[in-house]
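# A look at the structure
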Amino acid sequence: MLEKVKQISQVEQGEREAKEERDEREELRELRRLRLEKLEQLRENNVEPYGGKFVRTHLAREITGHFALHQDKRVAVAGRLMARRVHGKTTFADIQDISGRIQIYLRLNDVGEDAYALFGKLDIGDILGVEGKVFQTRMGEVTIAVEKFTLLAKSLRVLPEKWHGLKDVELRYRQRYLDLIMNPQVKETFIVRSKVIHAIRRFLDQKGFLEVETPMMHTVAGGAAARPFITHHNALDIDLYLRIAPELYLKRLLVGGLEKVYEINRNFRNEGISTKHNPEFTMLELYQAYADYYDMMNLTEELITTVAREVLGTTRVSYQGEEIDLSPPYRRVTMLEAVQEYTGLDFSALEDDQAAARAAAELSMEVEPADTWGSLLNRVFEEKVEAKLIQPTFVFDYPIEVSPLAKRKKDQPRLTYRFELFIYGREIANAFSELNDPVDQRVRFQQQAEKRLRGDEEAHMMDEDFLTALEYGMPPAGGLGIGIDRLVMLLTDSPSIRDVILFPLMKPRD
RNA sequence: GAGCCAUUAGCUCAGUCGGUAGAGCACCGGACUUUUAAUCCGGGUGUCCUGGGUUCGAGUCCCAGAUGGCUCACCA
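For the structure given in this document, a descriptive report is provided here. Quick caveat: nothing in here was measured; it's all calculated off a predicted structure. (Residues numbered from 1 in each chain as written. Chains lettered and ligands numbered in written order. Predicted model: local features only at pLDDT ≥ 70, side-chain atom pairs only at ≥ 80, totals over all residues. Heavy atoms only, no water.)

What follows covers the packing of aromatic side chains. One pass over the structure, following the stated rule, counts 14 aromatic pairs. Aromatic pair F381 and F422: ring centres 5.4 Å apart, planes at 65 degrees, arrangement edge-to-face. Linking F381 in helix α14 (residues 373-385) with F422 in strand β16 (residues 418-423), this pair joins segments that are 41 residues apart in sequence. The buried category is assigned to F381, whose relative accessible area is 1%. Ring plane angle 80 degrees and centroid distance 6.3 Å describe the contact between F445 and F466, whose orientation is recorded as edge-to-face. With F445 in helix α15 (residues 438-453) and F466 in helix α16 (residues 464-471), this pair connects stretches of sequence that are 21 residues apart. The buried category is assigned to F445, whose relative accessible area is 1%. (Phe/Tyr/Trp six-rings, centres within 6.5 Å; stacked < 30°, edge-to-face > 60°. Helix = DSSP H or I, 4+ residues; strand = E, 2+ residues; numbered from the N terminus. Buried < 20%, exposed > 50% of the residue type's maximum accessible area, 1.4 Å probe, protein only.)

Laid out in structure tokens, this is it:
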């Protein structure tokens, strides 16, 4: 009995020590503790630290950019306190809002002792509303002479350093809000992203395209060669796939008579993460009935140049030190020509799979038994050519093996009416004359199914429901997909896809 | 999945040969009524990523792990 009591008291002691250690650690976070105390003090002095609506008359930039218009005018601005320079009975500070920063100036004589003391208790990071008259300092800085200010939100955490900003890449992604507060270029990038998407919508709407939304959760993951994420619907007790592409649903809409449709939304692919890949990413897909892939090339050129002009005001962009000219026409080259140009190898002269395998081996490529003329042509292109296509280049007529949803070329049955657009060695767009022959499509699915049986998890799945739709008759059509994230990377000179996705996927930290 | 690199105060970073951890900003106290990376005086606030090991002694050396970055692989 005594033993047991002893044991319990030992356990209790251990718990107590652990708790004391926690308390001690909590106490060590002095900066935050100090701010919590300030919060209490504010409330004791009847200052509400978390305000409500504040009516602003101007954004910072509107005032600083047009001083003459606002001189001596009374204005109200709101934003985050980003810097403070105290000179005894006067204080300068900087307020940051969506448009930028503006300096404010407080004098004890103007605001009174209580308010001046309160301002001294504020912290960098607090959100305020200020009212006062616009003037220019001796040094020429457009400034608001504060008559009144209101605390709108007390900050309990210390912002990153004012001069170097937030550099730690991990923190920038995990706490993007801090990145946005501290690094103006980051905010600019995401504003550009928003404008790009808006410009695309405007462009397509004007051309008579209808924006639609198709399912994100699929019972068959189709429309691309990729491994899907799997989720589960409890009530129906079925597994579902997060979509890897909207393609097969958008084509069903062509069957239904929606002749020009597009969707801008997320795709999910359960694959590796890199500077060019995020598990969820944004795609534009569009389909136009009675068009073909040449129409899609023209549309792609027009879309990209329109967006670049509207958003950046130019079609010449600098990407990672490389000058890229986005003005049309873009170079157009068949895959066969491109491979010949960069390797000297004329694939069109190779009669069969064996000849292709021998030729590929001579280029010191690994050849596998399952490889065919088309798969090798594609691989030689990917390995020897792709990275060299810096200026915008349409590469067209892709092998049929790697294009199970594209229409077969009439005169060259080993190829399809398909192109991809490359810029800076990266695939930006993918398009084809859509396969609308249900019998051919069934054969293609069957070939893909065989690849799946052989262990290719990225091969397309058979989609009977889609085939049924095609059997009702789908108009011939051109289809186009553009990776929005990659386009935005190009237009914002961002080296990583994570720089253009607000919250890229990160592993949880403990 | 593989290789290389990084992880030290809230942030940006030093830290020598293994000898008990520093700077700037931010913060706290004081001075200052047109500054602007304000300035001047005083104050260091820490799970040195985590866990083992070597050692009299580890931020530092070794092993394992975590997270992140880059490159490659895969892919769009």
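Anyway, onward from the coordinates.
Turning our attention to the pairing of strand β11 (residues 280-289). Counting buried positions along β11 gives nine out of ten residues, so the element sits mostly inside the fold. Pairing of strand β10 (residues 260-268) with β11 involves nine bridges; the strand directions are antiparallel. By the bridge assignment for β11, N265 is matched with M283. Relative to strand β18 (residues 477-483), β11 is paired through seven bridges, and the arrangement is antiparallel. Pairing of Q288 across the sheet is with G478, part of β18. (Pairing = 2+ DSSP bridges.)

Around the barrel, which closes on itself, the five strands sit in the order β1-β2-β3-β5-β4 with mixed pairing between neighbours. Neighbour to neighbour, the strand axes of the sheet diverge by 55 degrees on average, direction disregarded. Pairing analysis gives seven bridges linking strand β1 (residues 74-87) to strand β4 (residues 127-136), with the strands arranged antiparallel. Bridge pairing in β4 places R74 opposite K133. (Axes fitted to C-alpha atoms, helices over the stretch in contact; angles between N-to-C directions.)

The contact between helix α9 (residues 184-206) and helix α11 (residues 293-312) brings their axes to 9 Å, and the two run at 130 degrees. Between α9 and α11, the interaxial angle falls into the category oblique. Viewed along their axes, α9 and α11 form a crossing whose handedness is right-handed. Residues V192, K195, V196, A199, I200, R202, F203 and L204 of α9 form the contact with α11, whose participating residues are L299, E302, L303, T306, V307, E310 and V311. Taken together, the residues of the contact of α9 with α11 break down into ten nonpolar, one polar and four charged. (Parallel < 35°, antiparallel > 145°, perpendicular 65-115°, else oblique. Left-handed = near helix turned anticlockwise from the far one by under 90°. Contact = heavy atoms within 4.5 Å. Nonpolar A, V, L, I, M, F, W, Y, C, P; charged D, E, K, R; others polar.)

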